[in-house]
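Single-letter residue listing:
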Amino acid sequence: MSKIIYSVVYNRKRCLNKKGMALVQVEAYLDRKKKYFSTKVYLKPEQWGAKKLVVKNHPNADALNRLIYEFVAMIEKKELELWQQGKRISLELLKDALVTRENKASFVSFFKQEAMSSSLKESTKRNHLSTLILLQEFKRDVSFSDLTFEFISSFEYFLQSKGYHTNTIAKHMKHLKRHVNITINKEYIEIQKYAFRKYKIKTVENKHTHLNPEELENLEKLSLTGRYLKYQKTLDAFLFCCYAGMRYSDFINLSPDNIVDINQETWLIYKSVKTGTEVRLPLYLLLVVKGL
């Protein structure tokens, strides 16, 4: 019986991703056929030593080289286990055994790690993690193999049973879809098993409304006493945002540096968190709006 020959290859497809990086894979060769297994390690061309087939010029070179070595050892161990079971070794059998092993891994841990290490804003990260909490409430231990069309459809029904609005459900499904897409991109799941291929996220048109002048005036005159007194600053902040047309995310990032005197007039100048554009608001206009 022939032994599978393993070797490490970098950038097999000779194509870099948007970050200028390519994947390190393990090539398995048997009976003139080849299969490739992802190490999940992406490197820039200058970080790979083509002669010695090792990571170099990388701050975590030693750790990554150890990870790659252990990955190859794990594959060889799996081949040995199949041989000890008396099975006829083939690349397809090895692939199926490895996919089964990976599919038992925790998608919950993967989701959390990807969310926390992403470049998303902190508030957005918290939103994504709220989806993860609901997912665990639906099923505590979610593996990669669980991520089927039936699973996400059942998760949607679970959210409906909790009384969530259609658009709130859509938000959570979009979060889930993002992380399922990452599992596909990182080759934890084969693209043929993509659960969202046939699933359509449903939304409804929202009818946005606003407070009228009388309602705003009622809020201004509202007298908070007793245990509600602690909400006075919150109420003041809300009214300021209403009159300034400011998002909450922008308000909480304000500092004294955002108050600027220009030509003997006081201006509020800040950069919008959502759009990145600079906003200049003459504060005296707020007094005009208030009729003061």
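To be clear, the structure that these remarks concern was listed above.
Below you will find a few notes about this structure.

Rules used throughout
- Residues numbered from 1 in each chain as written.
- Predicted model: local features only at pLDDT ≥ 70, side-chain atom pairs only at ≥ 80, totals over all residues.
- Heavy atoms only, no water.
- Helix = DSSP H or I, 4+ residues; strand = E, 2+ residues; numbered from the N terminus.
- Buried < 20%, exposed > 50% of the residue type's maximum accessible area, 1.4 Å probe, protein only.
- Contact = heavy atoms within 4.5 Å.
- Areas by Shrake-Rupley, 256 points an atom, 1.4 Å probe, with all protein chains shown as cover.
- Lys, Arg positive; Asp, Glu negative; His and termini not counted.
- Charge placed at Lys NZ, Arg CZ, Asp CG, Glu CD.
- Pairing = 2+ DSSP bridges.
- Axes fitted to C-alpha atoms, helices over the stretch in contact; angles between N-to-C directions.
- Phe/Tyr/Trp six-rings, centres within 6.5 Å; stacked < 30°, edge-to-face > 60°.
- Core = buried A, V, L, I, M, F, W, Y, C linked by side-chain atoms within 4.5 Å.
- Salt bridge = Lys/Arg side-chain N within 4 Å of Asp/Glu carboxyl O.

## A few points about the overall build of the protein chain
Okay, so step 1: Per the secondary structure count, the protein chain includes ten helices and eight strands.
Okay, so step 2: Relative to its 292 residues, the protein chain shows a buried fraction of 34%.
Okay, so step 3: Put simply, of all contacts in the protein chain between residues at least 6 apart along the chain, 49% involve residues at least 24 apart.
Okay, so step 4: Total accessible area on the protein chain stands at roughly 19900 Å², and carbon and sulfur atoms take up 52% of it.
Okay, so step 5: With 50 positive and 31 negative side-chain charges, the protein chain shows a spacing of 6 Å between the two charge centroids.

## As for the sheet that holds strand S2 (residues 22-30)
Each strand in a sheet pairs with another by means of backbone hydrogen bonds, the pair being arranged parallel or else antiparallel.
Okay, so step 1: Spatially, the three strands line up as an open sheet ordered S1-S2-S3, and their pairing is antiparallel. A single partner strand is all that each edge strand has here, and the edge strands are strand S1 (5-10) and strand S3 (33-43). Across the sheet, the mean angle from the axis of one strand to that of its neighbour is 20°, orientation sign disregarded.
Okay, so step 2: Sheet topology places S1 next to S2; six bridges connect them, and they run antiparallel. Bridge assignment links Val8 to a residue of S2, and that residue is Val26.

## Some points on the environment of Cys15
Okay, so step 1: Residue position: Cys15 is located in the loop between S1 and S2.
Okay, so step 2: Residue classification places Cys15 among the exposed residues on the basis of a relative accessible area of 53%.
Okay, so step 3: With residues up to four places along the chain from it excluded, the contact list for Cys15 reads Met21 and Ala22.

## What to know about the packing of aromatic side chains
Okay, so step 1: Going through the model one piece at a time under the given rule, you end up with 13 aromatic pairs.
Okay, so step 2: Ring centres 5.7 Å apart and planes at 50° place the aromatic pair Phe138 and Phe155 in the tilted group. Placement of Phe138 in helix H4 (residues 122-138) and of Phe155 in helix H5 (residues 149-161) is noted, with a sequence separation of 17 residues between them.
Okay, so step 3: Here Phe155 falls in the buried class, since its relative accessible area comes to 0%.
Okay, so step 4: With a centroid separation of 6.5 Å and 65° between ring planes, the pair formed by Phe149 and Tyr199 is classed as edge-to-face.

## A closer look at the nonpolar core
Side chains that are nonpolar tend, in soluble globular proteins, to be buried together.
Okay, so step 1: Ile4, Tyr6, Val24, Leu43, Trp48, Ile75 and Leu94 are the most contacted members of the largest nonpolar core, which has 27 residues in total.
Okay, so step 2: Here the element with the most residues in this core is helix H1 (residues 61-84); it accounts for eight residues.
Okay, so step 3: Apart from the residues lying within four places of it in its own chain, the contact partners of Tyr6 are Val26, Glu27, Ala28, Val72, Ile75, Glu76, Glu79 and Leu94.
Okay, so step 4: Leu132, Phe144, Ile152 and Phe155 belong to the second largest nonpolar core, which has 26 residues in total.

## Concerning the pattern of salt bridges
Okay, so step 1: Under the counting rule described, the total for this entry stands at eleven salt bridges.
Okay, so step 2: With a shortest N-O distance of 3.9 Å, Glu76 and Lys3 are connected by a salt bridge. Of the two residues, Glu76 is situated in helix H1 and Lys3 in the segment before S1; the sequence distance between them amounts to 73 residues.
Okay, so step 3: The shortest N-O distance in the salt bridge between Lys221 and Glu217 comes to 3.0 Å.

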